[in-house]
Amino acid sequence: MGVLWKLEPATAAKHRLYQRYLDAWWPILLQTSQGNGYTRPRVTLLDAFAGPGRYEDNEPGSPVFILDRLLHHHAVDRMHLSPQRVHLVFIEKDRARHEHLLAELDSQFGPLKDLPVRVEVRRGDAGRDSLPVLTELGAWGHPILGIFDSWGSVNVPLEVMRRIARNRSSEVITTFGPNWFSRREELNADILDSVFGGRGFWTPAADELRSDERWRIWLNTFRDALRRAGFGYQLQFKLVPRTGQPLYLVFGTGSPAGLKAMKDAMWKVDDRDGESFRDPRTRGAEADGQLNFFQMDELCDPELLELVAQRLSTGAATVETVGDWLLTETARWLPKHALKAARQMRLDGQITVQSAGKLTTKSTISL
Ligand SMILES: C[S@@+](CC[C@H](N)C(=O)[O-])C[C@H]1O[C@@H](n2cnc3c(N)ncnc32)[C@H](O)[C@@H]1O
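Residues numbered from 1 in each chain as written. Predicted model: local features only at pLDDT ≥ 70, side-chain atom pairs only at ≥ 80, totals over all residues. Heavy atoms only, no water.

Under the annotation held in an unreviewed UniProt entry, the protein carries the name Three-Cys-motif partner protein TcmP and is attributed to Streptomyces sp. R21.

Here's what the structure looks like:
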């Protein structure tokens, strides 16, 4: 592959998701009314596999659209941007891509030192250099969002995730390319030990022989690793574009609000390109395809119904409890979807409502 490459549909869909998420993330963290310029928290975005900043057909790469959307955010005037306070760190290993990225940022934004935020573009290795650069920039103790967007191997030690997980209000987004799950014979055991925190954690996934199950098991394995690293909440999903190869994402956050913001971003992603965010917990819904997000107003997506049935198969629960489970355990469903699913499942005769009266979030339902 050359310095630039073609933008794949799944990457374009992932970019739309990042854009929606960051549009919400920046003001949540920066638009604080507390403190003055000195005591307001510092916020650091680390894009550890930054790329060259551009795609072959001229679409912007992640560093370019991240910076552009921050500088042109509709709430930018209330964000108190300053180079002391807002740090964007880009790491790229490949020399030519690193140079391309520097030139690209300069041509788009002018000299980086004149920007209202600090932009660091480092040539380095995501696994080796992420922690030292965060230390050097004084990021610890303040919110950090780490984006680990590698293609093939996620060769970032779990220690990096652990440090970020234990840092205040910090999150990570990790992506896996489509080949990751099928290249069993190429897996380097020592690297996987460091990524997953020990051999016992990943060998069951490597031993999986059913090729259509591998992605589910690896994704779950990585999700478990993020949980062990200290992220209280983790989301995992397969991003399926209308055409081309899928991508896989695992998101770790310490707060239900972060979880909800990521799911809201999924629902806001423009649906016209037909991408979907699939849940590793379901199989049937995948085969049937999904309703698009607009059709959801009328009917419940089969994936939602399947998930609620899965939850109820472990025992009766209130609609509210099912809603909490949807938020923390499923890829894109929100608490509000529980009542909607319960209504349809009652109509379809799939569930029994145990409490008398109207079906509400307080009602107990069972299969
Ligand atoms: C999937 S691309 C990143 C795309 C970019 N984030 C975007 O969305 O536009 C992965 C990039 O990571 C770089 N890379 C590969 N291994 C790396 C490593 N260990 N540390 C940092 N960068 C690496 C590759 O050269 C490539 O440019």
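Next comes the rest of the write-up.
Enquirer: I'm lost on the overall build of the protein in this one. Help?
Expert: The helix and strand inventory of the protein stands at 13 helices and eleven strands. Its C-alpha atoms give the protein principal-axis dimensions of roughly 65 × 55 × 40 Å. Carbon and sulfur atoms provide 49% of the accessible area of the protein, an area that totals close to 16,000 Å². Looking at charge distribution, the protein has the averaged site of its 48 positive side-chain charges lying 5 Å from that of its 47 negative ones. (Helix = DSSP H or I, 4+ residues; strand = E, 2+ residues; numbered from the N terminus. Areas by Shrake-Rupley, 256 points an atom, 1.4 Å probe, with all protein chains shown as cover. Lys, Arg positive; Asp, Glu negative; His and termini not counted. Charge placed at Lys NZ, Arg CZ, Asp CG, Glu CD.)

Enquirer: What is the right way to look at the packing of helix α11 (residues 302-312) against helix α13 (residues 336-347) in this model?
Expert: Helix packing geometry: the angle between the two helix axes and the distance between the axes. As a packed pair, α11 and α13 sit with axes 10 Å apart at the nearest point and diverge in direction by 90°. Overall, the two elements α11 and α13 adopt an arrangement that is roughly perpendicular. Across the interface between the two elements, L304, L305, V308 and A309 from α11 touch H337, A341, Q344 and M345 from α13. Class assignment of the residues belonging to the contact of α11 with α13 gives a composition of six nonpolar, two polar and no charged. (Axes fitted to C-alpha atoms, helices over the stretch in contact; angles between N-to-C directions. Parallel < 35°, antiparallel > 145°, perpendicular 65-115°, else oblique. Contact = heavy atoms within 4.5 Å. Nonpolar A, V, L, I, M, F, W, Y, C, P; charged D, E, K, R; others polar.)

Enquirer: How should α11 be read in this particular structure?
Expert: An α-helical turn contains 3.6 residues, so any two residues separated by three or four positions project in the same direction. Along α11, eight of the eleven residues are buried, which leaves the element largely enclosed by surrounding structure. Regarding α11, the residues found buried are E303, L304, L305, L307, V308, A309, R311 and L312. The opening residue of α11, the one whose side-chain oxygen lies 2.7 Å from the backbone nitrogen of E303, is D301. (Buried < 20%, exposed > 50% of the residue type's maximum accessible area, 1.4 Å probe, protein only. Polar contact = N/O pair within 3.5 Å; in protein donor to acceptor, adjacent residues only side chain to side chain.)

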